[in-house]
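Chain by chain, the residues run as shown.
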Amino acid sequence: MNGETLFNGNRDWRIARNALGGILLFAFLAQLLTYLSLVALMDRPIVAAMLGSAVVSLLMGAPLVIALAVQSRRVERLRNQINHDIYHDGTTGCVTGRGLVQHVNGLERRRQRSGASLEGALVQVRINNLDEVGSSYGPQWSDELLQFVASTISTSIRRDDIVARTGPATFDVLLVGASELDANQVCTRLTKALVSSHFSADGKAVDLALSVGGVLFDGNIDLARLRHTASSEAIMVAAGQAPAVALARLPTA
């Protein structure tokens, strides 16, 4: 702790020393330029003063403006990176539950402004044997399985659909603007892709044990209610089986 305090004190002193040196250097340059302009334009002191002031302002202002612009750009990049880390899952690259909530809130604000209703569906996929894979083969294979399922889901849905990892072993797929027919087709395609996929952990084939459920909505998006209904309507699916997943429907809001 003392070493850290000493290091911070030395660093702060270097910053203060550099700042003081910069101030003194600018003051010296300002005086020198003013003197040179007065010598060069001795017969026109007003012009000399204006010229010296302009040169000093340019020499002092330009670096400060450039430094401010660079720092502003760095802050913006850092803010974007932080937002990306908050709203995207580090393991799968999917949107997080928090990111899904933010996306839905944005959709709801636009819906309220336009007065139009929203339709679509939410499909929930849960990996039931994720912990079993982790305990049998190691935690790194749990991450591999999560990435495998996330990739399979992403390649089975439409371009504008949102895949979110909303739990340790749970993915929610938000289909905004999907008709009942579209939603059923996406859900069927997604389920078939998952049960027909082949995952290997440490060179050994692992059968996926999944639960898939879905719910249709029309009007607004009550995310908590949708997730609860999709979870309660989920059915078990396994390798080689592709049962039809019936989508429930929430009452119109």
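Throughout this document, residue positions are counted from 1 along each chain, in the order its sequence is written. At least 70 in pLDDT is required for a residue's local features to be given in this predicted model, at least 80 for side-chain atom pairs to be given and counted, and no such filter applies to totals for whole chains, interfaces and linings, which use all residues. Only hydrogens and water are set aside when side-chain values are computed; all heavy atoms of the structure are taken into account.

Engineer: With reference to specific residues and values, describe the confidence of the model for the chain.
Structural biologist: The pLDDT score gives, residue by residue, the confidence of the prediction method on a 0 to 100 scale. On average, residues of the chain score 83 in pLDDT, and 77% of them are at 70 or above. Each helix corresponds to a stretch of at least 4 residues labelled H or I by DSSP, and each strand to a stretch of at least 2 residues labelled E; elements are numbered beginning at the N terminus. Highest mean pLDDT in the chain belongs to strand S4 (residues 170–176) (96); lowest belongs to helix H1 (residues 2–40) (65).

Engineer: Can you tell me about the packing of aromatic side chains, naming the residues and giving the values?
Structural biologist: Here is the rule: rings of Phe, Tyr and Trp (six-membered ring for Trp) pair when centre to centre is within 6.5 Å. Planes less than 30 degrees apart are stacked, more than 60 are edge-to-face, and the remainder are tilted. Scanning the model with the defined rule gives 2 aromatic pairs in all. Relative to Phe199, the ring of Trp141 lies with its centre 6.5 Å away and its plane at 75°, an arrangement referred to as edge-to-face. Of this pair, Trp141 sits in helix H5 (residues 139–154) while Phe199 sits in strand S5 (residues 199–201), and the two are 58 residues apart along the sequence. The class for Phe199 is buried, based on a relative accessible area of 6%. Between the aromatic rings of Phe148 and Phe199, the centroid separation amounts to 5.3 Å while the plane-to-plane angle is 50°, which identifies the pairing as tilted. Of this pair, Phe148 sits in helix H5 while Phe199 sits in strand S5, and the two are 51 residues apart along the sequence. Note on exposure labels: buried denotes an accessible area under 20% of the residue type's maximum, exposed denotes more than 50%, and partly exposed covers the range between, all computed with a 1.4 Å probe on protein chains only.

Engineer: Residues and numbers for the pattern of salt bridges, please.
Structural biologist: Should the charged atoms of two oppositely charged side chains come close, the side chains can pair. Criterion for a salt bridge: a side-chain nitrogen of Lys or Arg within 4 Å of a carboxyl oxygen of Asp or Glu. For the structure shown, the criterion picks out 5 salt bridges. Between Glu108 and Arg111 there is a salt bridge, and its shortest N-O distance comes to 3.0 Å. With Glu108 and Arg111 both in helix H3 (residues 97–114), this residue pair falls 3 residues apart, about one helical turn. With its nearest N and O atoms 3.2 Å apart, the salt bridge here joins Glu180 to Arg249. With Glu180 in helix H6 (residues 180–195) and Arg249 in strand S9 (residues 247–249), the pair connects residues that are 69 residues apart, well separated along the chain. Relative accessible area serves as the criterion here: at 43%, Glu180 is assigned to the partly exposed category.

Engineer: Any details on the pairing of strand S2 (residues 118–127)? Residues and values, ideally.
Structural biologist: Of all 10 residues in S2, 8 are buried, a share of seventy percent or more. Each pair of strands is called paired provided DSSP finds at least two bridges between the two strands. Two elements, S2 and strand S7 (residues 209–219), share 10 bridges in a ladder whose sense is antiparallel. Across the sheet, Gln124 pairs through a bridge with Gly213, a residue of S7. Here S2 runs beside S4; their pairing, made up of 7 bridges, is antiparallel. Paired with Arg126 across the bridge in S4 is Thr170.

Engineer: Explain the side chain of Thr152 residue by residue, including any values.
Structural biologist: Considering the arrangement of structural elements, one finds Thr152 in helix H5. Thr152 sits in the buried class, given a relative accessible area of 11%. If we ignore the near neighbours within four places in the chain, the residues touching Thr152 are Ala193 and Leu194. Residues count as neighbours in contact if any of their non-hydrogen atoms are within 4.5 Å of one another.

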